[in-house]
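Descriptive structure summary
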Amino acid sequence: TPEEFRRGNDIIFDALKLSPRYTGFCFIDPAFQKESCDEIRRCVRDGGMAGIKLYHQFRIDDPVFDPIFKLCEELDCPVLMHAVKGEHPKNLSNASHFLTACRRFPGVRFLQGHIGGGGDWEWTLRVLEKSTPNHYIDTSGSVIDSGMIRRTVEVMGSDRVLFATDMFIPEGVGKLLAADFDDETMKKVCCENVKKLLAGRLR
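Figured I'd write up the structure that's included with this text. Bear in mind the structure is a predicted one, so any value in this text is a computation, not a measurement. (Residues numbered from 1 in each chain as written. Predicted model: local features only at pLDDT ≥ 70, side-chain atom pairs only at ≥ 80, totals over all residues. Heavy atoms only, no water.)

**Notes on the pairing of strand 4 (residues 110-113)**
To keep things clear, this is the line we draw: We call a residue buried when its accessible area falls under 20% of the maximum for its residue type, exposed when it is over 50%, and partly exposed in between, using a 1.4 Å probe and counting protein chains only. Every helix listed is a DSSP run of H or I at least four residues long, and every strand listed is a run of E at least two residues long, numbered separately from the N terminus. At least two DSSP bridges between two strands are required for those strands to pair.
Residues F110 and Q112 line one face of strand 4 and the alternating positions L111 and G113 line the opposite face, and both faces are buried. As defined by bridge partners, strand 3 (residues 79-82) adjoins strand 4 across 4 bridges and the pair is classed as parallel. Within the sheet, the bridge partner assigned to L80 lies in strand 4 and is L111. Pairing geometry for strand 4 and strand 5 (residues 135-138), over 3 bridges, is parallel.

What follows is the structure, given as structure tokens:
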């Protein structure tokens, strides 16, 4: 409910007071369109959060997001959403759904969460060969298959892949190091790309 996601975002505001190293994302449920737009204004426009975080109440290409993504475009607010290709709930987004959203809203920067989040990451990368400049992906997830991160950069380019760990820090670092990137690529994946994605919203 709106009351629940406002409470959750208030916890993030409390966390942001603890350290300037933290960057918050605003969580919403698009089933409540007006309340979600109001919450984005409260958290992102007025409160300094970096973007919005979505789960799988709806697929990212569902028209229910239209007023929300129009607001994100207006506020220059990036969108992060959990995604995977596999046998999961029907509303779970995969790379093809992200492509649709990216093309419909070219002014919004979309971050597809978890290339290693389970499911068929090789299928995901075949779809991402047709990705658009506003489409980013992160390296997080528990899957640590050999070559996955290097192949992701080969497909997406070094400017749209972001280092992330999800729950597994040693594995997340290990699979990145195993990609054996040159210094320039490593700097982009670990630092420069997130600065570009968040466009000055890092604290």
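**Notes on the packing of aromatic side chains**
As a reminder, the rule being used: Pairing of aromatic side chains requires ring centres within 6.5 Å, counting the rings of Phe and Tyr and the six-membered ring of Trp. Pairs whose planes differ by under 30 degrees are stacked, by over 60 edge-to-face, and all others tilted.
Summed over the entire model, instances satisfying the criterion amount to 3 aromatic pairs. Between F69 and F110, the aromatic rings sit 5.1 Å apart at their centres with planes inclined by 85°, giving edge-to-face as the arrangement. Taken together, the positions of F69 in helix 3 (residues 66-75) and F110 in strand 4 put the pair 41 residues apart, joining distant regions of the chain. Per residue, the accessibility class of F69 equals that of F110, and both read buried. Chaining the aromatic ring pairs together yields one cluster made of F65, F69, F105 and F110.

**Section: the packing of helix 4 (residues 95-104) against helix 5 (residues 121-128)**
Applied cut-off: Only the stretch in contact is used when a helix axis is fitted, and all axes are lines through C-alpha atoms; the angle between N-to-C directions ranges over 0 to 180 degrees. For classification purposes, an angle smaller than 35 degrees is called roughly parallel, one larger than 145 roughly antiparallel, one from 65 to 115 roughly perpendicular, and anything else oblique. A clockwise turn of the near helix away from the far one marks a right-handed crossing, whereas an anticlockwise turn of less than a right angle marks a left-handed crossing. Residue contacts are counted whenever heavy atoms from the two residues lie within 4.5 Å of one another. Put simply, Ala, Val, Leu, Ile, Met, Phe, Trp, Tyr, Cys and Pro go in the nonpolar bin, Asp, Glu, Lys and Arg in the charged bin, and everything else, Gly too, in the polar bin.
Put simply, helix 4 and helix 5 touch, their axes get as near as 9 Å, and they point 25° apart. In terms of axis orientation, helix 4 runs roughly parallel to helix 5. Classified by chirality, the crossing of helix 5 by helix 4 is right-handed. Mapping the contact onto sequence places A95, S96 and L99 in helix 4 and W123, T124, V127 and L128 in helix 5. Its residues assigned to classes, the contact of helix 4 with helix 5 shows 5 nonpolar, 2 polar and no charged.

**So, the pattern of salt bridges**
Going by this rule: Just to be clear on terms, a salt bridge is a Lys or Arg side-chain nitrogen sitting within 4 Å of an Asp or Glu carboxyl oxygen.
On inspection of all chains with the given rule, the structure shows 14 salt bridges. Put simply, D10 and R42 hold a salt bridge, and the shortest N to O gap is 3.0 Å. Here the residue D10 occupies a position in helix 1 (residues 2-16), and R42 occupies one in helix 2 (residues 33-45), the gap between them amounting to 32 residues.

**With respect to the environment of A101**
Inspection of the secondary structure assignment puts A101 in helix 4. For the pair formed by A101 and N134, sequence separation is 33 residues and the distance between their alpha carbons is 10.0 Å. Contact partners of A101, with chain neighbours within four places excluded, come to I60, D61 and F110.

**What about the nonpolar core?**
The line we're drawing: The criterion is simple. A nonpolar core is a set of buried Ala, Val, Leu, Ile, Met, Phe, Trp, Tyr and Cys residues joined through side-chain atoms within 4.5 Å.
Counting residues in hydrophobic clusters, the biggest one holds 29 residues, and the most contacted among them are I40, I52, I68, F69 and F110. Looking at this core, the elements that each hand over two or more residues are helix 1, helix 2, strand 2 (51-54), helix 3, strand 3 and helix 4. In contact with F110, other than residues within four places in its own chain, are I60, F69, V79, F98, A101, C102, F105, N134, H135 and Y136.

**Digging into the sheet that holds strand 5**
Strands in a sheet are paired, the pairing made by backbone hydrogen bonds, and the direction either parallel or antiparallel. Here 6 strands make up an open sheet; going across it, the order is 1-2-3-4-5-6 and the pairing parallel. Each having just a single partner strand, strand 1 (25-27) and strand 6 (161-162) make up the two edges of the open sheet. As judged from the 2 bridges shared by strand 5 and strand 6, these two strands associate in the parallel manner. Residue pairing for strand 6: D138 is matched across the bridge by L162.

**With respect to the state of the cysteines**
For the record, the criterion: To count as a disulfide, a pair of cysteine sulfur atoms needs to be within 2.5 Å.
Inspection of the entire model under this criterion finds 0 disulfides. Cysteine C26 is unpaired, with the sulfur of C43 as its nearest cysteine sulfur at 3.7 Å. In this structure C26 comes out as buried when scored by relative accessible area, which is 0%.

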